[in-house]
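This is what each chain is made of:
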Amino acid sequence: MKDLSLDFQFTSSINKVWESLTDSEVLAKWMWKNDFKPVVGHVFQFRAEPNEWWDGILNGEVLEVDEPHKLSYKLGTGSEIHTVTWTFTKSEDGGTHLHLDQTGISDNPGAFEGAKYGQTESIGKLKKLLGEL
Amino acid sequence: MNEKSQERDVYVAIADPTRRKLLRLLAEAEELPLHELTTQFQMGRTAVSKHLAILKEVGLVADRKVGRETRYRLNADPLREIQDWVTFYEKFWNDKVALLKKLLMED
């Protein structure tokens, strides 16, 4: 099992960043289509474009909601279920510091191979849209 | 995250179904000439050759001239990067958050 820890800095306010990560419609714009709700126990799905290896569905369940400071949910498919935790902190300049912890990433997730290709594919499409290729 | 200057990487190389099929074909054979690869696709030889050039650029295929034909073979080493899932998710979230920042007009 491996963990991932990342930090991001936003100039937007903590409430705006919180909304971006919890509002279903905003999430759909930068993540995937979803039926997410920031309610503990809510079961949700992210739906990416299916491909030949993967049906495009990621299942999730909300674990913790402490607006606008902490958001945690399970996310994954098959046996590869991770815990994703976002921690929001107001910066001195009025912006927001966002910390991500993703735990439970297996060393050899064969069953999840399709999701990886799926995500890689969507990132590729995204970059094309953004003219970054 | 400014990725505009980033060179083509292995993720982009395998993001295309034609290129993944090429990799699978090459994985099943030791070495294949371009004309044999081309018969597996609806597209022409120039298009297939372009895809092979992208795979070559990231080191996923190697080629050599034998007489008048070019033969291609798989080099799976760069795929090791993709085996590392932590690296994969790091890239995934960095890309997603970069998009969110664009959405929030923070660029």
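Residues numbered from 1 in each chain as written. Chains lettered and ligands numbered in written order. Predicted model: local features only at pLDDT ≥ 70, side-chain atom pairs only at ≥ 80, totals over all residues. Heavy atoms only, no water.

A look at the packing of aromatic side chains
Piece 1. Counted under the stated rule, the structure contains nine aromatic pairs over all chains.
Piece 2. When the centroid spacing of 5.8 Å and the interplanar angle of 90 degrees are considered together, the rings of A:Phe44 and A:Phe46 count as edge-to-face. A:Phe46 matches A:Phe44 in its accessibility class, with the two residues each being buried.
Piece 3. Residues A:Phe44 and A:Tyr73 carry aromatic rings whose centres are separated by 5.6 Å and whose planes lie at 90 degrees to one another, so their mutual orientation is edge-to-face. A residue pair is termed long-range when its members are at least 10 positions apart, and A:Phe44 in strand β3 (residues 43-47) and A:Tyr73 in strand β5 (residues 70-77) qualify at 29 residues. The same class applies to A:Phe44 and to A:Tyr73, which are both buried.
Piece 4. What links up through ring pairs into an aromatic cluster is the set A:Trp32, A:Phe36, A:Phe44, A:Phe46, A:Tyr73, A:Trp86, B:Phe92 and B:Trp93.
Piece 5. Over the aromatic face of B:Phe41 sits the side chain of B:Lys21, whose NZ or CZ is 4.8 Å from the ring centroid. (Phe/Tyr/Trp six-rings, centres within 6.5 Å; stacked < 30°, edge-to-face > 60°. Buried < 20%, exposed > 50% of the residue type's maximum accessible area, 1.4 Å probe, protein only. Helix = DSSP H or I, 4+ residues; strand = E, 2+ residues; numbered from the N terminus. Lys NZ or Arg CZ within 6 Å of the ring centre and 35° of its normal.)

A look at the nonpolar core
Piece 1. Core analysis: the biggest nonpolar cluster contains 58 residues, and A:Phe8, A:Leu21, A:Trp86, A:Phe88 and B:Trp93 have the highest contact counts within it.
Piece 2. Among the elements that line this core, the one with the most residues is helix α6 (residues 85-103) of chain B, at nine residues.
Piece 3. The contacts of A:Phe8, once residues within four sequence positions are left out, are A:Trp86, A:Thr96, A:His97, A:Leu98, A:Leu100, B:Trp93, B:Asn94 and B:Val97. (Core = buried A, V, L, I, M, F, W, Y, C linked by side-chain atoms within 4.5 Å. Contact = heavy atoms within 4.5 Å.)

Concerning the pattern of salt bridges
Piece 1. For the structure shown, the criterion picks out seven salt bridges over all chains.
Piece 2. Between A:Lys70 and A:Glu64 there is a salt bridge, and its shortest N-O distance comes to 3.4 Å.
Piece 3. Taking the relative accessible area as the measure of exposure, A:Glu64 reaches 32% and is therefore partly exposed.
Piece 4. The partner of B:Asp95 in a salt bridge is B:Lys91, with the nearest N and O atoms 3.8 Å apart. Of this pair, B:Asp95 and B:Lys91 both sit in helix α6, separated by four residues, roughly a single helical turn.
Piece 5. Looking at B:Asp95, the relative accessible area reads 6%, which means it is buried. (Salt bridge = Lys/Arg side-chain N within 4 Å of Asp/Glu carboxyl O.)

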